[in-house]
Number of protein chains: 2
Amino acid sequence: MSATAQFSTKDRILGAAEELFAQHGFAGTSLRQVTTRADVNIAAVNYHFGSKENLVNEVFRRRMDEMSGRRLAQLKAALQQHPGELEPVLAAFVEPALAMAQDRHGGGAFIRVIARAYAEKNDSLRKFLSDQYGHVLRDFAKAIAGCVPALGKEQLYWRLDFLSGALTYAMADFGLIKRPAGLPEAAHRARAARELIRFAAAGLQADTTDSHSKA
Amino acid sequence: MSATAQFSTKDRILGAAEELFAQHGFAGTSLRQVTTRADVNIAAVNYHFGSKENLVNEVFRRRMDEMSGRRLAQLKAALQQHPGELEPVLAAFVEPALAMAQDRHGGGAFIRVIARAYAEKNDSLRKFLSDQYGHVLRDFAKAIAGCVPALGKEQLYWRLDFLSGALTYAMADFGLIKRPAGLPEAAHRARAARELIRFAAAGLQADTTDSHSKA
DNA sequence: GTCTATAGTCGGATAGAC
DNA sequence: GTCTATCCGACTATAGAC
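Thresholds, definitions, all that
Residues numbered from 1 in each chain as written. Chains lettered and ligands numbered in written order. Predicted model: local features only at pLDDT ≥ 70, side-chain atom pairs only at ≥ 80, totals over all residues. Heavy atoms only, no water. Helix = DSSP H or I, 4+ residues; strand = E, 2+ residues; numbered from the N terminus. Buried < 20%, exposed > 50% of the residue type's maximum accessible area, 1.4 Å probe, protein only. Areas by Shrake-Rupley, 256 points an atom, 1.4 Å probe, with all protein chains shown as cover. Phe/Tyr/Trp six-rings, centres within 6.5 Å; stacked < 30°, edge-to-face > 60°. Lys NZ or Arg CZ within 6 Å of the ring centre and 35° of its normal. Arc of directions from axis to C-beta. Contact = heavy atoms within 4.5 Å. Polar contact = N/O pair within 3.5 Å; in protein donor to acceptor, adjacent residues only side chain to side chain. UniProt positions renumbered as here; feature names shortened; annotations may be inferred.

Side note on the overall build of chain A
Next up, step 1: The helix and strand inventory of chain A stands at nine helices and zero strands.
Next up, step 2: Along chain A, helices and strands appear, N-terminal first, in the series α-α-α-α-α-α-α-α-α.
Next up, step 3: For chain A, the proportion of its 215 residues judged to be buried stands at 51%.
Next up, step 4: In the form shown here, chain A has an accessible surface area of approximately 9,600 Å², with 52% of it arising from carbon and sulfur atoms.

The following block contains the structure:
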């Protein structure tokens, strides 16, 4: 179930922590649960990470570096190969997140950890994430602004927030949609990506006039 | 800051718990913090609620009953007064949530509690919410399907999930958008509702053909 | 680098006086 | 219905042997 062999103590702790954080949240997970699952001694976590808070940060860093890298690479390719097109840009934002969710390396748990992080708002963790990965979101904002020039800056940010929310929510298997028993995980995720890109593209390109009344 | 006078012990506990749950999550909030803020004795919470888990449920019930009622009433009015129009239906879904967020009775904290609930996924709380309030979502699904007949059932559910995610995320003040210092809270929320309704209406009405390529 | 043992704190819950 | 006092388990973190 969890990583047990051939990994270093440090990696086993990170893997076990990731799974447990996804299941029970940060505050809801004790270091004792982590070390029990990782099959290491309770003292090891403080030796390797210093504190629980730092362990949380390191759990994030390991995956976020990879996901951000993939997003930016795919964004660059989209801008070169499909200049001016919105959907490839959105795909660059959405697909790496979904790919991670079906990664056999345990990234699947991480995507739910991200959802946790957004909910556990007041933490130093949010500052850590904003400092370390805020530039990724800004790059996407620029790219999307290039595809939808009519969109004002403020409206762009609102709609980006809506996209992020929809992505987070869908990734974490909240909500109504459950994967049908027959459908493989990969196909389900691909479907999710397609649907979300379509939905968000339409939403981002919606009329920008400021009216409160009917369509 | 918190409710202190003229409310019953039970209500003071509920109010304090709501604020703290919003800030620190369920697992991250101790009953001692709750009773300190409510200015009641530590034993009172067990006398009135029996256990921490039950207190969590009651915090939800108090607000969800009200919010669900408003949503359904506004939905009914929308269907009568604007039959076939999508945006009034979406307004019925979005606006009561946002109205609650700016309610002086402390509902503002609750909206972040909802976000917590979605993140703390494995809890008995999720079953409680699904059992008690699932019918509300089903009513909205029906109404939206009536406005966008081309939408298949599965696609409808996907898009409803995206809407829920965007709403939850926006409500909780995650993301890029922060309320400008000058703008009153109420105006900020109204703006959020308008933007989200516009975004979601376009997303829900997006082309439903199943293609992965360009627009 | 990994262990045992423990310090020191805080958690939820309850018993019983008023 | 509200209080004081307390039980007892779980927690993070660390000291110190190996």
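Additional details are given in the paragraphs that follow.
Here's the deal with the packing of aromatic side chains
A ring pair, where both rings are aromatic, is described by two values, the distance of the centres and the angle of the planes.
Next up, step 1: Here the structure, examined in full by the defined rule, presents 12 aromatic pairs over all chains.
Next up, step 2: Ring plane angle 65° and centroid distance 5.1 Å describe the contact between A:F21 and A:F26, whose orientation is recorded as edge-to-face.
Next up, step 3: Residue classification places A:F21 among the buried residues on the basis of a relative accessible area of 1%.
Next up, step 4: Each ring, one from A:F199 and one from B:F162, has its centre 5.3 Å from the other, and the planes form 50°; the classification is tilted. Of this pair, A:F199 sits in helix 9 (residues 185–204) while B:F162 sits in helix 8 (residues 153–171), each in a different chain.
Next up, step 5: Look at A:F199 and you get buried, because its relative accessible area is 1%.
Next up, step 6: An aromatic cluster is present here, built from A:W158, A:F162, A:F199, B:W158, B:F162 and B:F199 joined pairwise through their rings.
Next up, step 7: Sitting over the face of the ring of A:F49, A:K10 holds its NZ or CZ atom 5.9 Å from the ring centroid.

Focus on helix 3 (residues 42–49) of chain B
Residues and elements named next belong to chain B.
Next up, step 1: All buried positions along helix 3 are accounted for by A44, V45 and F49. Here the buried residues of helix 3 occupy an arc of 100° about the axis, which is enough to place them on one side.
Next up, step 2: Taken together, the buried residues of helix 3 touch helix 1 (9–24), helix 2 (31–38) and helix 4 (52–81).
Next up, step 3: Of the residues that open helix 3, the one with a side-chain oxygen 2.9 Å from the backbone nitrogen of A43 is N41.
Next up, step 4: Of the residues one or two after helix 3, G50 is the one with positive phi, at around 85°.

A few points about the UniProt feature "DNA-binding region" (unreviewed entry) in chain A
Next up, step 1: When the UniProt feature table is mapped onto this chain, "DNA-binding region" (unreviewed entry) is found at residues 30–49 of chain A.
Next up, step 2: Secondary structure content for residues 30–49 of chain A is 80% helix and 0% strand, while the C-alpha to C-alpha distance between its ends is 14 Å.

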